[in-house]
Amino acid sequence: MRLGDLRERVRSRRSRIGLGVVLVLVLAGTIAIVSAATSSTVRVSSQMIAGTPEGRQPVKLDTSLYLPDTTPAPAVLLSQGFGGDKSGLATAARSFAAHGYVALTYSARGFGQSGGLIHFASPSYEVHDATLLVSYLAGLNEVKRVDGKPQIAATGSSYGGGLSLLLAAADQRVSAVSADITWNNLSHAFFPNFGASSPGVFKKLWVGQLFGNAFPDPQTGGDGNLSDLTPSAISCGRFAPDVCAAYQASAASGTPNAAMRQLMTQASPATVINKIHAPTQLSQGEQDSLFPLSEADANARGIAANGTPVSVVWRPGGHDAGGADSSVTTQAISWFDKVFGGQVKGTQPFRFAEQAGIISAATGEVSQQTLQAAGYPGITGTPRGTKAVTVTGRPQQISSPAGGAPTVITSIPGLGGLSNRFDTALTLLPGAPGQTAFFTSSKLTKDLLIAGGSTVALIVTSTAKNATLFASLRDLTPDGSITLPSQLVSPIKLTGMRPGVPRTVSVRLPSFVRNVLSGHRLVLEVSSTDFAYNLPQDARTYTIALAGRAASPPSNEASITVPTTSGKALSAGHPVAWLIVGIAVLGLIGGAVGFVIARRRRVLKPVPDLFDVPVAITSLVKEYAGGYRAVDDVTFRVEQGQVVGLLGPNGAGKTTALRVLVGLITPTGGSVHVFGQPVVPGASVLARIGAFIEGPGFLPHLSGRDNLRLYWAATGRPDDEADFTTALEIAGLGASIDRRVKTYSHGMKQRLGIAQAMLGLPELLVLDEPTNGLDPPQIAEMREVLQAYAETGRTVVVSSHLLAEVEQTCTHVVVMHKGKLIAAGSVPEIAGAGGMQLSVDDPEKATKVLEAAGIGSHLVPARRALEDVFLDLIGGEE
C-alpha cells in the first residue's frame, strides 16, 4: 500500500461526524448491569440428570445448581436461548441465588454437553425434559414448600421463554413464569401474514439463522458433540431427522409442509395457553422482527382469558438489538418476589418504552422514557385508545423482479443492533427502483403516541395468481428525514387471486411504540420485496390503492386506525433510565442508589477543556458480578496525533477498558470522555470513532466488498465519504475481496475488520489486538498504515500483549496488569534506556512483577511519577 496515497486521502477528507460500528452496536442497547452488592456466598455444583430417552438410548442433561446462603428457598428453573447452553445462564443464576433463590440451569437436549437430539420445544422431549428437572427441584430439601407444594418458577428468553410457557402448561407445579422475547405461534412467527390467517411469507433469514445454530461446521467438525461428520450429521447437525426434514423441505419451497406445520403447532404456546394458571410476566422487545410485540399480545390475551394474572412489559431491545440483557433478570426477580409474596392479584400495570423523534442537541441521543399504564391495553388498543389518521395518494404500480433481486433492505436479521440504524433512508441500498408505493398523511397537529399495531384497508391487483407484499408505517419529519420505527414491516401473502382482478385486504401494520411529534407526517409504504424474506421467483407487477374508509372501490385516501395509550413517566432522557427503573422495582433505593445516580449525572456533563482531547479516562473502574474488578482505578489521556498502545498480558483489563471507551459497556465508576463528551450508550460523539473490538462480525454469505458496502449503507452517509479504495487497500485481500466471508481465514477476517473500522476515516481509531492473525509482512504494513494515519492529526488507540509490537508501532504506551495501571507515557520514556529510573527497595521483586505481567525486566526504567502505583502493585503480589 502506498503510504503517500493514504496520507493524501486522509488529509483531503474533511472531519465529519460519521456513524461507526460502535454507535451501531451501542444503539442495540447492550448495557451491562452489575448485580447489587451482596455479602452472600453462592454455592455451585454441576451434575448430569436423566432426561427423556431418545428412543431406547438414555439421555443425560448437563445442569448446574446454584444455592443461596439460606435454604429452603423458592427455586427457579432457567432455560437457555436456542443455540446456547447453560454457560450463558450463569450470571443470571448467580443473581437469583444472591437474591435468595435456588437456581437450576441446564443445557437443553442437543446443546452443550447434554445428550439427545433437538426436537425444537417438543412436548414429548424438551418440555418433558423440563418436567423431569422440576421433579428434581421438587425433591431437594433446599427448595421451599408451602402447604406441601414446592415453590418453583420458570424463566428464559426466546427459546427459553417458549419452553417456560410450555412447561407451565404441562406441569402445574410451576407457580410463576417470566418469559422474555418469545413466541405464541411459530407459524405466525416463521411464516407471518398480516393480511390473512393462512401461512404467509417465509422469514428466511431469521429462521435460517435460528436453525443454523444447531448445524455443525464441516470445516471444524461441528460443536464437539458429533462423533463423526456423516452426511446426515453435515446436513442435519443435532436435529432429530423428522425436524430436519420438515425444515429443509419448507425452507426450499418457502411454504410449510404438513410436517412443518405439525412441528410448529406442537411447539407453540398458543395450543396449550388455556392450561397456564401460573401468574406470568411477559417481557417483549420493541426491536424484534423475529418475535414481534404481536406474539406477546397473543400470549397475554390467551393467559388472561383463563383468569390468570398477567404482567406485560414492552422493553427496549429484542432479537434485533442483542437479545436478552441483565435487566430481564432484574424484572424476573421482582416478579417472582411478588408472586411468592402473594402480592399479585387482579390487573397488573403495563410498562413500555416510548421513543420520540426528538434528538438532543447536546448529546445527539434519541429521547426515550419508560411509561407505566394502569393496565395492558392490548396490541390494538381499547375503544378509547385508537385514533384515525388519513393518508392520501393515487393508485401506484410497483414491480417485483424475478427472485426479488434487487431488493429493498429494511433490516439485517441476526446482526444485532446494526438493524436499528437502518432508519435514515427509504431504501438503504441502491438498486431497488419502482418497488415501493407511498401514501402520506397531512402534518399532525399534535403529538401522537403510537403503541401497538395500526390497521388500514388496501386494494391489491396482481399480474400473478398471488401477491407478496411488505407494509410499513414511517415517521416523516419536517426536514424530510424518515424513520422506520424498530425496522419492522408487515409481510402480506395473498393467494387464490385472479390476475388483473383487484382484491381488498385489511392489513395490520407493524406493532411498535413511537411518539410521532406535531408537525410530522405518517407515511404508509407498501413494497414488493424485502431482503429478509422469501420472494417470488417470477417477475410480476402489483397495483396498490387505498380502499377508502368504507373499503369501497379504489380511493385516493384511507383511514389508518392507530392504537394509542398514555402512561405515567417512570424515567426519561437516557437508556440508563431502564436500569434505574429495574433497580427501583427491586427496592434497592436509598443512599447507595442515590450515590450511583448522582455519580452518573456528573459523568454525563461535557467538559469544554477536553474538547480537543481525543480520550480522557479518569479513575475508571469496571466491576463484574462477584466483585471481580477487570479495571481498577485507571487514569490516562490520549492526545491528538498519538498512536497509543494499551499493553499488558491477557486478563490485564485492556479489552474491558476499550469496551468502556467505545460505549459497549458502562463503567462501575470513574468517567470516560471523548473529545470532551461523556461516553454513554447512544452518545453522538461515538460517531467520531471507528472501532474493531473483540474480533470482526460479518455476514458470512456475503463477500468482503458487500459487507463493507452494507456496513457503510447502515451509517446513512454518502458513498463518496466512505473511501472504499483506501479501505480495500488496507484489507489487502486482492481478488478475495469478492469471495464470501465464510471462506476467509481468521487473518483475512481480521484485515477486513480493520478496513471496516477505517471507513470514513474517523478521528479516533480504536483497535483491539489488530495484528492478531496477520503474518509478519502484513504486521509490518499495518504498522506503517497506523503511523501514517496518526500523522494526519488523527488518533489511534491499539491494544496488544506484545511489547515489541507496541515499541515499533506506538508513540505512547499505557501498561496495565490485573486491571491496574502500571505506567503511562511515551515509548522512549517508559521503555527506553534513557527513561527515568524508578526507585524501589526491592528491584528483584519489581522485575519479577513485570515479567509476570509478560512485559519484561527492561521496563524497570520507568517514570518516577508512577512510583506509587507501581509500589501498590508490588505490595499486592506478596
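Keep in mind that this is a model prediction, so the values were computed, not measured. (Residues numbered from 1 in each chain as written. Predicted model: local features only at pLDDT ≥ 70, side-chain atom pairs only at ≥ 80, totals over all residues. Heavy atoms only, no water.)

A. Summary view of the overall build of the protein chain. Scanning the protein chain from terminus to terminus reveals 23 helices and 34 strands. For the protein chain, the share of sequence-separated contacts (at least 6 apart) that also reach a separation of at least 24 residues comes to 76%. Total accessible area on the protein chain is roughly 33700 Å²; 52% of this is exposed by carbon and sulfur atoms. (Helix = DSSP H or I, 4+ residues; strand = E, 2+ residues; numbered from the N terminus. Contact = heavy atoms within 4.5 Å. Areas by Shrake-Rupley, 256 points an atom, 1.4 Å probe, with all protein chains shown as cover.)

B. Fine view of the side chain of T308. Along the polypeptide, T308 turns up in the loop between α11 (293-304) and β10 (310-315). Here I276 takes part through its backbone oxygen, which lies 3.0 Å from a polar atom of the side chain of T308. (Polar contact = N/O pair within 3.5 Å; in protein donor to acceptor, adjacent residues only side chain to side chain.)

C. Quick peek at the side chain of Q284. Here Q284 lies in strand β9 (residues 280-285). Only 3.4 Å separates the side chain of Q284 from the backbone oxygen of P292, close enough to count as a polar contact.

D. Quick peek at the packing of aromatic side chains. Following the criterion strictly, the structure yields 17 aromatic pairs and no others. Residues F120 and F190 carry aromatic rings whose centres are separated by 6.4 Å and whose planes lie at 65° to one another, so their mutual orientation is edge-to-face. Taken together, the residues span a long stretch of sequence, with F120 in the loop between β4 (102-106) and α4 (126-138) and F190 in helix α6 (residues 186-190) at a distance of 70 residues. The burial state of F120 is the same as that of F190; both residues are buried. The rings of F82, F111, F120, Y159, W183, F190, F239 and F291 are connected pair by pair, giving a single aromatic cluster. One Lys or Arg, R688, reaches over the ring of F675 and ends 4.0 Å from the middle of that ring. (Phe/Tyr/Trp six-rings, centres within 6.5 Å; stacked < 30°, edge-to-face > 60°. Buried < 20%, exposed > 50% of the residue type's maximum accessible area, 1.4 Å probe, protein only. Lys NZ or Arg CZ within 6 Å of the ring centre and 35° of its normal.)

E. The arrangement of the sheet that holds strand β31 (residues 764-768) in detail. A sheet is described by the order of its strands in space; here six strands give the open sequence β30-β31-β32-β27-β33-β34, paired in mixed fashion. Sheet topology places β30 (689-692) and β34 (820-826) at the edges, where each strand pairs with a single neighbour. Across the sheet, the mean angle from the axis of one strand to that of its neighbour is 15°, orientation sign disregarded. As paired strands, β31 and strand β32 (residues 795-800) are joined by five bridges and run parallel to one another. The residue bridging V766 from the neighbouring strand is V797, located in β32. In this fold helix α18 (residues 746-758) packs onto β30 and β31, with an angle of close to 170° to the strand it touches most, β30. Across the sheet, helix α19 (residues 776-791) is in contact with β27 (643-647), β31 and β32; its angle to β32 comes to roughly 150°. (Pairing = 2+ DSSP bridges. Axes fitted to C-alpha atoms, helices over the stretch in contact; angles between N-to-C directions.)

F. Focus on the environment of A755. Locating A755 in the fold gives a position in helix α18. Separated by 25 residues in the primary sequence, A755 and I730 have C-alpha atoms spaced 5.8 Å apart.

G. Molecular detail of α11. In this model, α11 (twelve residues) spans 16 Å end to end at C-alpha, consistent with the 16 Å of a helix rising 1.5 Å per residue. Extensive coverage of α11 is indicated by the burial of nine of its twelve residues. Within the sequence span of α11, burial applies to L293, S294, E295, A296, D297, N299, A300, G302 and I303. Among the structural elements, α5 (159-170), α6, β9, β10 and β20 (503-516) are those in contact with the buried residues of α11. (Expected span 1.5 Å × (residues − 1).)

H. Examining the nonpolar core more closely. Grouped together as the largest cluster of nonpolar side chains are 79 residues, with contacts concentrated most on L77, F120, L137, Y159, F190, F211 and W314. It is α5 that contributes the most residues to this core, seven residues altogether. The contact partners of F190, leaving out residues within four places of it in the chain, are F120, V201, F202, K203, V207, L210, F211, M260, M264 and F291. Judged by nonpolar contacts, the second largest core, of 44 residues, contains F698, A722, L733 and I754. (Core = buried A, V, L, I, M, F, W, Y, C linked by side-chain atoms within 4.5 Å.)

I. Main features of the sheet that holds strand β25 (residues 615-623). Spatially, four strands are ordered β26-β25-β28-β29 in an open sheet, and the strand pairing comes out antiparallel. The sheet is open, and its two edges are formed by β26 (629-638) and β29 (677-678), each paired on a single side. In this sheet, strand β28 (residues 669-674) lies alongside β25 in antiparallel orientation, the contact comprising four bridges. Within the sheet, the bridge partner assigned to V621 lies in β28 and is G669. Each of β25, β26 and β28 touches helix α15 (residues 654-661); the most contacted strand, β25, lies at about 120° to it.

J. Focus on helix α9 (residues 241-253). Taking 1.5 Å per residue, 13 residues should reach 18 Å; α9 reaches 18 Å between its end C-alpha atoms and fits that length. Listing the buried residues of α9 in full gives V243, C244, A246, Y247 and S250. On an axial view of α9, the arc spanned by its buried residues comes to 165°, and they lie on one face. In α9, the exposed positions angled more than 90 degrees off the buried face are occupied by P241, D242 and A252. Positive phi appears at G254, one or two residues downstream of α9, with a value of about 80°. (Arc of directions from axis to C-beta.)

K. Structural context of unusual backbone geometry. Omega for the bond connecting T71 with P72 falls within 30 degrees of zero, at 0°, which places this linkage in the cis form. Its place among the elements puts P72 in the loop between β2 (60-67) and β3 (75-79). In this chain, A405 is followed by P406 through a cis amide linkage whose omega measures 0°. A positive phi angle, near 55°, is found at F120, a position not held by glycine. The backbone phi angle of S619 is positive, close to 50°, even though this residue is not glycine. Looking at the element boundaries, S619 is found in strand β25.

L. Quick look at the packing of α4 against α5. For the pair α4 and α5, interaxial distance at closest approach is 9 Å and the crossing angle is 70°. Taken together, the axes of α4 and α5 are roughly perpendicular relative to one another. Handedness of the crossing formed by α4 with α5: right-handed. Contacts between α4 and α5 involve E126, V127, A130, T131 and V134 from the first element and Y159, L163, L166, L167 and A170 from the second. (Parallel < 35°, antiparallel > 145°, perpendicular 65-115°, else oblique. Left-handed = near helix turned anticlockwise from the far one by under 90°.)

M. View of the pairing of β3. Extensive coverage of β3 is indicated by the burial of five of its five residues. Side chains of β3 alternate between two faces, with A75, L77 and S79 and V76 and L78 buried alike. Considered for its hand, the β-α-β crossover made up of β3, helix α3 (residues 90-98) and β4 is right-handed. Across five bridges, β3 lies against strand β7 (residues 152-157) in parallel orientation. What sits directly across from V76, in β7, is A153. (Right-handed = clockwise from strand over helix to strand, strands pointing away.)

N. Broad picture of the environment of V76. Positionally, V76 belongs in strand β3. Apart from the residues lying within four places of it in its own chain, the contact partners of V76 are F96, Y101, V102, A103, L104, A153, T155 and F336.

O. View of the confidence of the model for the protein chain. Scored by pLDDT, the protein chain comes out at a mean of 79, with 77% of its residues at no less than 70. Below a pLDDT of 50 lies the segment residues 571-603, which in the model reaches 52 contacts outside its immediate sequence neighbourhood of four places, other chains included. Confidence over residues 833-843 falls short of pLDDT 50; this stretch has 21 contacts with residues more than four positions distant or in other chains. (pLDDT = per-residue confidence, 0-100.)

P. Molecular detail of the environment of P614. One can find P614 in the loop between α14 (591-603) and β25. Linking P614 and V638, residues 24 residues apart in sequence, is a C-alpha distance of 6.0 Å. Apart from residues no more than four positions distant in its own chain, P614 is found in contact with V638, E639, Q640, H673, V674, F675, L764 and T795.

Q. Geometry of the pattern of salt bridges. Counting across every chain of the model gives 16 salt bridges. For D129, the salt bridge identified is with R109, shortest N-O distance 2.8 Å. With D129 in helix α4 and R109 in the loop between β4 and α4, this pair connects stretches of sequence that are 20 residues apart. Residue classification places R109 among the buried residues on the basis of a relative accessible area of 1%. R783 serves as the salt-bridge partner of E805, at 3.3 Å between the closest nitrogen and oxygen. Of this pair, E805 sits in helix α20 (residues 803-809) while R783 sits in helix α19; the two residues are 22 residues apart in sequence, bridging distant segments of the chain. Across this residue pair, the class does not change: E805 and R783 are buried. Connected via shared salt-bridge partners are E623, R629, D632 and K820. (Salt bridge = Lys/Arg side-chain N within 4 Å of Asp/Glu carboxyl O.)

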